[in-house]
Each structure stands twice: as C-alpha cells, then as structure tokens.
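# Working through the structure, step by step
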Amino acid sequence: MSDASSVNAVGKYVGRFDLQRYVVYLGFLAIFLFFAIMLRDSGFLTVRNLSNIVLQTTPVTIMAIGLVFVMSAGEIDLSVGSIVAVSALAAAVTLSQYGLVAGVIAGLGAGLLIGLVNGALVAYVRLPSFLVTLATMGLFAGVSRSMTDLRSIPVTDTVFTGFFGSGSLLGVPSLIWWTVIAIALAHIVYRETRFGAHVLATGDNRRAASVSGISVSKIRLAVLTISGGLAGLAGLLYAGRLQAAKYTLGETDLMTVIAAVIVGGTLLNGGKGSIVGALVGSLMMGMLNNGLILMGLSVSDQMIVRGLIILAAVAVSLREKYR
C-alpha cells in the first residue's frame, strides 16, 4: 500500500472515530488514575473503598437504565428522585403493617403507577415530558414529605434488607447482583429485541417511526413506565441498604443520573444510547464523588464539578447528533 493510501485510510478511520462512544471509558480511566495518584495515601485504592463505590452507585445505575430508555425515545424523566422516596416510604410503611410481599408490591407498584401516569400524560394528552415530569417531581416530593410527617421509617425485616441491599449470595453483595442482572437484562432488551429497536427509531425520527407502523404513543408510555418502575426498585434498594426509608432518599440523584446517562453515550435528543455506557457513567460519577470527598471538597464543589461534566457531555452529545 502506498503512503498516500495509508494516509487516506488513517484519515477515514479518524473521521469515523466515535468520540461519544469512547469518552466515558477514557474519562473513567483518567479520573481513576488521577485519584489513584493524588489519593494514594488516603485509602482510595483499598478494596473496601472501591467496593463501597460500586455498592453506593447501584441505585443510580438502576435509575440510569430507565433513563436510557426514556432519553433514547426522545423524552426525559425528571421525577425519578421523587419516585425513589415515595416508593421507599410506601414499601417501608406497608412492610411494617402487612409483611414482606405486600411491602415489595407497594414499593414497586408506586413507582410503576407514577411512571404510568407520566407516560399517559405524555403519550395521550400530548404534554411535553419535561413539563410533566417536572410537575410530578415537585408533586411527589411533597407527597413523600407528608406520608410520614418528615419521619424516617425503620426497615427491620431481615429478609427484605438482605435481598434488597445488605445481604450477599455466594460471597457477592446483593447490590452487585442487582446491578449485574439489571444491566444484562436491559442490554438484551435494548439491543436484541423489537421493542428496543422501536425505542431507538422513535427517538431518532418520531414521524418516520409512526409512518413505518410503530406505535409511538405506546413506546412513549412504555419507556416512562419502565423508568418509574426502575426508580421504584432503586427506592427499595436504598431502603434495604440503609435499613430505613426517608423523604430525602433520591432527592440529590437526578443530576448524577442524567450525567451518567449522557456521559455514557445516550444522545440528549434520542435515537442512540448505551446501557453498558450508563453503568460506566454511574461508576464514574460515584468514583468522582468518592474522590472529591476524600480530597476534602464540599458538597457545593462536588455539584460544580458534576455540572461541568454534564455541560461537556451535552456538548459532545449535540456534536454527535448534528455533525
């Protein structure tokens, strides 16, 4: 092959290089190496600290999976944090009065129901998902505060706490099992099923998807219901791990979840996404929070850093969408 041909081949390869597909992995590696060097004497690289990062990010990962489906369809769900609190409290209250099965059904059912309401308003009343979920975010934040008069509800059922957060199976913490199973199932549905293809088609071009026979309204309803159900599951995982439910659960997670999803390769305007990327994005955000805390930065500083990361990720997302 001539030198000119080699240069052209390299140029074509570089031109096809998908920055957004790999930025999350490069970012994860860069942040890990930075903290590994800067915090080598502060316990960052200990097995206990690294495992805690994974365990603490499991609820965020679960919510991020739901948001990948929502954003891939060209929608947004801002209510996931409020759903977490309502679901955790519903499960804790019901668990204490009616037992394990009723508590799990109440928690998951609350999330699915709120997601269904969001989806119906978006799909059939034709309201923008941003406004609908912004409204339900505030509505159910208020509901979670009034459910127990701002009191924390203890979760003492050992089966529940073991299954949803504090236990282990074959020496592996249950939260890691939840992460692995959720990511595997979601990836298969997203990449290997007709439903996943319809979600991506809806987000890429809603009119063309409708013309091709896809029920766009049902897809929009389904993705928001899935997001609500997974946020409900995240609420159960929080309650199981912390062995208590409180109205503050999930209230600071929205920015982290959105950052994880966008950094992970899901386009802001729909049509493309990655379940595995969302997992890596969640771990990256968890590692970032952990490292900043070990460095002594305040909560406000952490919020600034997360905001900058979202801004950079959105810029890459829009560049990929319109180039």
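Residues numbered from 1 in each chain as written. Predicted model: local features only at pLDDT ≥ 70, side-chain atom pairs only at ≥ 80, totals over all residues. Heavy atoms only, no water.

### Details of the overall build of the protein chain
Along the protein chain, the regular secondary structure elements total 14 helices and four strands. Radius of gyration (C-alpha) of the protein chain: 21 Å, near the 20 Å computed for a compact globule of 323 residues. Projecting the C-alpha coordinates of the protein chain onto the three principal axes gives extents of approximately 75 × 60 × 40 Å. Buried residues in the protein chain amount to 49% of all 323 residues. In the protein chain, of all internal contacts separated by at least 6 residues, the share reaching a separation of at least 24 is 79%. (Helix = DSSP H or I, 4+ residues; strand = E, 2+ residues; numbered from the N terminus. Rg over C-alpha atoms; globule rule 2.2 N^0.38 Å. Buried < 20%, exposed > 50% of the residue type's maximum accessible area, 1.4 Å probe, protein only. Contact = heavy atoms within 4.5 Å.)

### Thoughts on the packing of aromatic side chains
Scanning the model with the defined rule gives nine aromatic pairs in all. Both rings, one in Phe-160 and one in Phe-164, keep their centres 4.8 Å apart while their planes meet at 40°; by these two values the pair is tilted. Of this pair, Phe-160 and Phe-164 both sit in helix 7 (residues 158-166), separated by four residues, roughly a single helical turn. Classification of Phe-164 by relative accessible area gives buried; the value is 5%. Ring pairs connect the aromatic residues Phe-32, Phe-34, Phe-35 and Phe-44, which therefore count as one cluster. (Phe/Tyr/Trp six-rings, centres within 6.5 Å; stacked < 30°, edge-to-face > 60°.)

### So, unusual backbone geometry
Even without being a glycine, Arg-126 presents a positive backbone phi close to 65°. Relative to the assigned elements, Arg-126 resides in the loop between helix 5 (100-123) and helix 6 (129-147). On the basis of relative accessibility, which here comes to 58%, the residue Arg-126 falls in the exposed class. Residue Leu-170 is not a glycine yet carries a positive backbone phi of 55°. Its place among the elements puts Leu-170 in the loop between strand 2 (168-169) and strand 3 (172-173). In this structure Leu-170 comes out as exposed when scored by relative accessible area, which is 75%.

### Focus: the environment of His-187
Secondary-structure assignment places His-187 in helix 8 (residues 174-192). Spatially, the C-alpha atom of His-187 lies 9.0 Å from that of Ile-65, the residues being 122 residues apart in sequence. For His-187, the contacting residues outside a window of four places in its chain are Glu-192, Ile-275 and Val-276.

### Let's talk about the side chain of Ser-72
Residue placement: Ser-72 occurs in helix 3 (residues 47-72). Assessed through its relative accessible area of 0%, Ser-72 is described here as buried. Non-local contacts of Ser-72, meaning those with residues more than four positions away in its chain, are made with Tyr-190, Val-199, Leu-200, Gly-203, Thr-266, Gly-270, Gly-271, Lys-272 and Gly-273.

### Let's talk about the layout of surface pockets
Quantified by volume, the largest pocket comes out at close to 680 Å³. Of all the elements in the fold, those that place two or more residues in the lining of the largest pocket are helix 3, helix 11 (216-242), helix 12 (254-263), helix 13 (275-294) and helix 14 (299-322). Counted by class, the lining of the largest pocket contains 12 nonpolar, 11 polar and four charged residues. (1 Å grid on protein atoms, 1.4 Å probe; cavity = no way out; pocket = protein on both sides within 12 Å on 5 of 7 lines; lining within 4 Å. Points joined across faces, edges and corners; volume = space filled by probe spheres on them. Nonpolar A, V, L, I, M, F, W, Y, C, P; charged D, E, K, R; others polar.)

### Considering the pattern of salt bridges
Pairing of side chains with opposite charge becomes possible as their charged atoms draw close. Enumeration over the complete set of coordinates arrives at three salt bridges. One salt bridge connects Arg-206 with Glu-75, and the closest N-O pair in it is separated by 2.9 Å. Linking Arg-206 in helix 10 (residues 206-211) with Glu-75 in the loop between helix 3 and helix 4 (80-98), this pair joins segments that are 131 residues apart in sequence. Residue classification places Arg-206 among the partly exposed positions, given a relative accessible area of 34%. Look at the salt bridges and you will find they share partners, linking Glu-75, Arg-206 and Arg-220 into a network. (Salt bridge = Lys/Arg side-chain N within 4 Å of Asp/Glu carboxyl O.)

### So, the environment of Leu-283
Among the structural elements, Leu-283 can be located in helix 13. When the C-alpha positions of Leu-283 and Lys-246 are compared, they lie 24 Å apart, and in sequence the two are 37 residues distant.

### Quick notes on helix 12
Side chains three or four residues apart in an α-helix point the same way, a direct result of the helix having 3.6 residues per turn. With nine of its 10 residues buried, helix 12 lies for the most part within the structure. Backbone geometry just downstream of helix 12 places Gly-265 in the positive-phi region, at approximately 110°.

### Notes on helix 3
Over its 26 residues, helix 3 extends 35 Å from the first C-alpha to the last, a length consistent with the 38 Å expected when each residue adds 1.5 Å. At Thr-58, helix 3 shows its largest kink, close to 45°, and the proline Pro-59 lies no more than four residues downstream. Burial analysis of helix 3 places 19 of its 26 residues in the buried class, the great majority of the element. Immediately downstream of helix 3, the backbone of Gly-74 shows phi near 85°, a positive value. (Expected span 1.5 Å × (residues − 1). Bend = angle between axes of the 7 residues up to and from the residue.)

### A closer look at the side chain of Thr-133
Within the secondary structure, Thr-133 sits in helix 6. Overall, the relative accessible area of 0% leaves Thr-133 in the buried class. Of note is the side chain of Thr-133, whose polar atom sits 3.1 Å from the backbone nitrogen of Leu-78. Among all residues touching Thr-133, those that are not within four sequence positions of it are Ile-76, Asp-77, Leu-78, Ser-79, Asn-118 and Leu-224. (Polar contact = N/O pair within 3.5 Å; in protein donor to acceptor, adjacent residues only side chain to side chain.)

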